Each structure stands twice: as C-alpha cells, then as structure tokens.
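A look at the structure
Here are the chains, one letter per residue:
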Amino acid sequence: MKIIGCDFHPSFQQIAMVDTETGEHEKKRLTPSEAVLFYSQLQGPVVIGMEASGNTLWFERLLADLKHQVRLGDASKIRAMEVRKQKTDRRDAELLLKLLLEGRFPEVWIPSLEMRDARQLLLHRHKLVGMRRQVKNQLQHLALNQGVQKKRKLWTTAGRQLLEELPLIGWTARPRSDLLRWLDELNQAIAELDRAVEQEASQHAVARLLQTHPGVGPVTSLAFVLTLGKIERFQHSRQVVSYLGLNPAENSSGGRQRLGAISKQGNPMLRSLLVEAGQSASRQDKELKRAYQRLKQRKHSAVAKVMVARKLAVRLYWMWRTQQPYSATRMQGSPCHLVVAV
C-alpha cells in the first residue's frame, strides 16, 4: 500500500509518500499536469490524505476515477498537532503522512458530488441576494440624498417610479440607471434560482418535513439538509449547534467561566438563513415569540435573534431525527418528544 501526505495548492502540490511494503520514502513537488501523470502510474491500494480546502474538486474527481482513496482532514486540527513554529510545504506534507501512518488523521465527512452541486445552487443564490442587497442600499442612499425617505416602500411600483423621477443630472444620474438595471437583472436571476431551489427541495423528503415548521421555506430547509448531510453524524443537538457556530466561544480556566459571542465556526450561509427564518418563525410560533421578546427586553434584539436561530436549529434537528412534522405542543418538554429547551 502507498500512503501519501499531500499539501495541496491550486498551482502545485507537495507530497510525501511511503510504500508500506518496501519502506521506500519519496518526496515530490508536482504541478497539476505532473500530478495527473504521477497518480495515474500508481499501482495497488493508494491512500491520499490532504487538508479540506477549496479548489480541489478536479483533483478529487481524478483520484476517484483512478480508484484511489481520498481522506480529507480538518485543517485547524492538523495544524494544532504541529508544535514547531516552522511551517513549510514540505513539513506540512510530512505531517499529513505522519498522521496517516499513526492513525491520528482528523478525517472530516465528505459530501457526495450531487450534494456539492446542490450546495452550489444555494451558494450562488445566496451571493446574488447579497449583491442585490448592496444595490438596494446604494439606491436608498441616492434617494436619501434627494430628501426622499421611503424605506421598504421604495421597492414598490410607486417607489420605483419615484426613483426614476428623481431630479439627478450629470454623473449623478448614471449610477441610478446602472443600479436600476442591475436590480432588475438580479431580481430575474434570483427568481429563477428560487424556482430551482423549490424543485430541488421537493425531491428531498427531509426538506419537505422541515418545511412544516413555521418560517422555514425551501431555501432554509434544503440548506439545513445539505449542510448536515447525515443526521447520524450528530448524537445530540448540542453538536449541531456547535457545528453551525451558534454556540458561545469560551475561555474558561481555574474554575472561572468566560463566555463570549457565538463562535461562528460553522457554515455562514446556513447561519444567516437560520437567523432570517427565525425572525419569521418567531412571528408565527408563540413559544419562540415569547422567548424572543423576553430576551430582547433583557439584553438586545441582536442577541435575541441569534437565540431564536439556535432554538430553530435544534428544533429542525429533532424533527429530522424523529421524522415527526412540526407541532406546537411537541415543541415543549423533553427532546424525546421533539421538545427543544435551549
């Protein structure tokens, strides 16, 4: 068997390889074209360990076609296992190889190619929504500079006509025409993606189940399913909360507990979707509404929004795990009855 520690970069990769049968060690620096030839020539069982990172899809497909085993590791945990301050590509490859040989490689779960493709649909939509938000903010700024303050009403038919009739001249009028054109194009693109998301979510039984919760639509339910992947990976709702970065950062020592803001170590897209869905859910679910209003009065609305998002994530986890649809009565009590006490 050949075991390879691969420090992957988009333009090259540094590898450290050992043949367990002969004991032969080899170190190489490969360009993408050289990597294709090198891995194609390897015979027998081959295990490649590398850090989970972006821009690796072509490489993973290559290894899958060659029937080589790929293991992706948690980059932060891998780095924490190296105590020395010297960091080079060669040392990183040797560390990966060492962890593989010693059985200490911190492997992460790898979604299927179909799940990755569906994730790209959600991610692309999420980015377009962010671009639309920026365009709207700039249009609001143009209106405010002309003494027009309509807030949400600026996006109605009457508000659109008001924007087009603003007395702008010269280069001040150019941003308005560009921004309005971009806004129309983004609205059309997002509408098309929304229809694609609805169709994709309708094909997932779990996504349809999660949509029975008030405030949870196709986008949030599909993102939740594709991000968690397999519910069996999480033994308790606390693991889901931590996985999504909704748990507080902690720096406790000597019997003194120090909690900070949320860790934000999870998927930022799903976290923002849960915050948005939580606001809609808190207007329809009495329990969430009471919790939101209570914490808003005690602390701040931003803290209350994150709290509702955390509660919503836990509810969705238990709905998925127990395969039970939303019911207001089951959202109170013990976890075995789909109750979420957070």
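So, here's what we can say about the structure. Per chain, the residues get numbers from 1 upward, laid out in the order the sequence is written. At least 70 in pLDDT is required for a residue's local features to be given in this predicted model, at least 80 for side-chain atom pairs to be given and counted, and no such filter applies to totals for whole chains, interfaces and linings, which use all residues. With hydrogens and water stripped out, all remaining heavy atoms of the structure feed into the side-chain values.

What about the pairing of strand β4 (residues 46-51)?
Of all 6 residues that make up β4, 5 are buried, and the element is covered over most of its length. As defined by bridge partners, strand β1 (residues 2-8) adjoins β4 across 5 bridges and the pair is classed as parallel. Bridging from a neighbouring strand, isoleucine 4 pairs with isoleucine 48 of β4. Pairing between β4 and strand β5 (residues 69-73): 5 bridges, direction parallel. Considered in β5, the bridge of methionine 50 is made with leucine 72. Handedness of a crossover is defined as follows: orient the strands so they point away from the viewer, and if the path from the first strand over the helix to the second runs clockwise, the crossover is right-handed. Each helix corresponds to a stretch of at least 4 residues labelled H or I by DSSP, and each strand to a stretch of at least 2 residues labelled E; elements are numbered beginning at the N terminus. Crossover handedness for the path β4 to helix α2 (residues 57-65) to β5: right-handed. Three exposure classes are used, based on accessible area relative to the maximum for each residue type with a 1.4 Å probe and protein chains only: buried under 20%, partly exposed in between, and exposed over 50%. Here, a strand pair is defined by DSSP locating no fewer than two bridges between the strands.

With respect to the layout of surface pockets
Of the two site types, the cavity is a set of points on a 1 Å grid over the protein atoms alone where a 1.4 Å probe fits but cannot get out, and the pocket is an open set with protein on both sides within 12 Å along at least five of seven lines, each lined by residues with an atom within 4 Å of a point. Grid points are joined across faces, edges and corners, and a volume is the space filled by probe spheres set on the points. Of the pockets and cavities examined, the largest pocket occupies roughly 1400 Å³. Those elements that provide at least two residues to the lining of the largest pocket are α2, β5, α3 (75-80), α5 (113-145), α9 (218-228), α10 (237-243) and α11 (268-284). In terms of residue count, the dominant contributor to the lining of the largest pocket is α5 (7 residues). Residues of the lining of the largest pocket, tallied by class, amount to 18 nonpolar, 13 polar and 9 charged. Of the pockets and cavities examined, the second largest pocket occupies roughly 680 Å³. Lining the second largest pocket are 18 residues, and of these Val129, Arg132, Arg133, Lys136 and Glu276 lie nearest its centre. When contributions to the lining of the second largest pocket are tallied by element, the ones reaching two or more residues are α5, α9 and α11. In this classification, the charged set is Asp, Glu, Lys and Arg, the nonpolar set is Ala, Val, Leu, Ile, Met, Phe, Trp, Tyr, Cys and Pro, and all remaining amino acids, among them Gly, are polar. A class-by-class count of the residues in the lining of the second largest pocket yields 5 nonpolar, 7 polar and 6 charged.

Observations regarding the pairing of strand β3 (residues 25-30)
Along any regular strand, the residues point their side chains to alternate faces of the sheet. Bridge analysis of strand β2 (residues 13-19) against β3 gives 6 bridges, and the strand direction is antiparallel. Following the sheet pairing, valine 18 is matched in β3 by histidine 25. As consecutive antiparallel partners, β2 and β3 are separated by 5 residues, and within that stretch glycine 23 has a phi angle of approximately 75 degrees, a positive value.

Brief notes about the sheet that holds β3
Spatially, β3-β2-β1-β4-β5 is the arrangement adopted by the 5 strands of the open sheet, whose pairing is mixed. Strands with a single pairing partner mark the edges of an open sheet, and in this sheet they are β3 and β5. Within this sheet the neighbouring strands show an average axis-to-axis angle of 20 degrees, counted without direction. In this sheet, β2 lies alongside β1 in antiparallel orientation, the contact comprising 7 bridges. When the bridges of β2 are listed, phenylalanine 8 appears paired with glutamine 13. What makes two residues a contact is simply this: any of their non-hydrogen atoms within 4.5 Å. The axes are straight lines fitted to the C-alpha atoms, using for helices just the contacting stretch, and the angles between their N-to-C directions are given from 0 to 180°. The strands that α2 touches are β1, β2, β4 and β5; relative to β1, the one it contacts most, it runs at about 165 degrees.

Some points on the nonpolar core
Within the largest apolar cluster, 56 residues are counted, with the highest numbers of intra-cluster contacts made by Phe224, Leu228, Leu244 and Leu274. Broken down by secondary-structure element, the contributors of at least two residues to this core are α5, α7 (173-202), α8 (205-210), α9, α10, α11 and α13 (301-322). No other element matches α5, which puts 10 residues into this core. Not counting chain neighbours up to four residues away, the residues in contact with leucine 228 comprise Trp109, Arg233, Phe234, Val240, Tyr243, Leu244, Leu270 and Trp320. Among the nonpolar cores identified, the runner-up in size contains 18 residues, and Phe8, Met17, Phe59 and Leu62 belong to it. Residues enter a nonpolar core if they are buried and are Ala, Val, Leu, Ile, Met, Phe, Trp, Tyr or Cys, with the set joined through side-chain atoms within 4.5 Å.

Quick word on the pattern of salt bridges
Should a side-chain nitrogen of Lys or Arg be within 4 Å of a carboxyl oxygen of Asp or Glu, the pair is scored as a salt bridge. A complete count under the given rule lists 15 salt bridges for this structure. As a salt-bridge pair, glutamate 164 and arginine 160 come within 3.1 Å of each other at their nearest N and O atoms. Remark: arginine 160 and glutamate 164 occur in helix α6 (residues 157-164); sequence separation between them is 4 residues, near one turn of the helix. For arginine 160, a relative accessible area of 24% corresponds to the partly exposed category. With a shortest N-O distance of 2.9 Å, aspartate 178 and arginine 174 are connected by a salt bridge.

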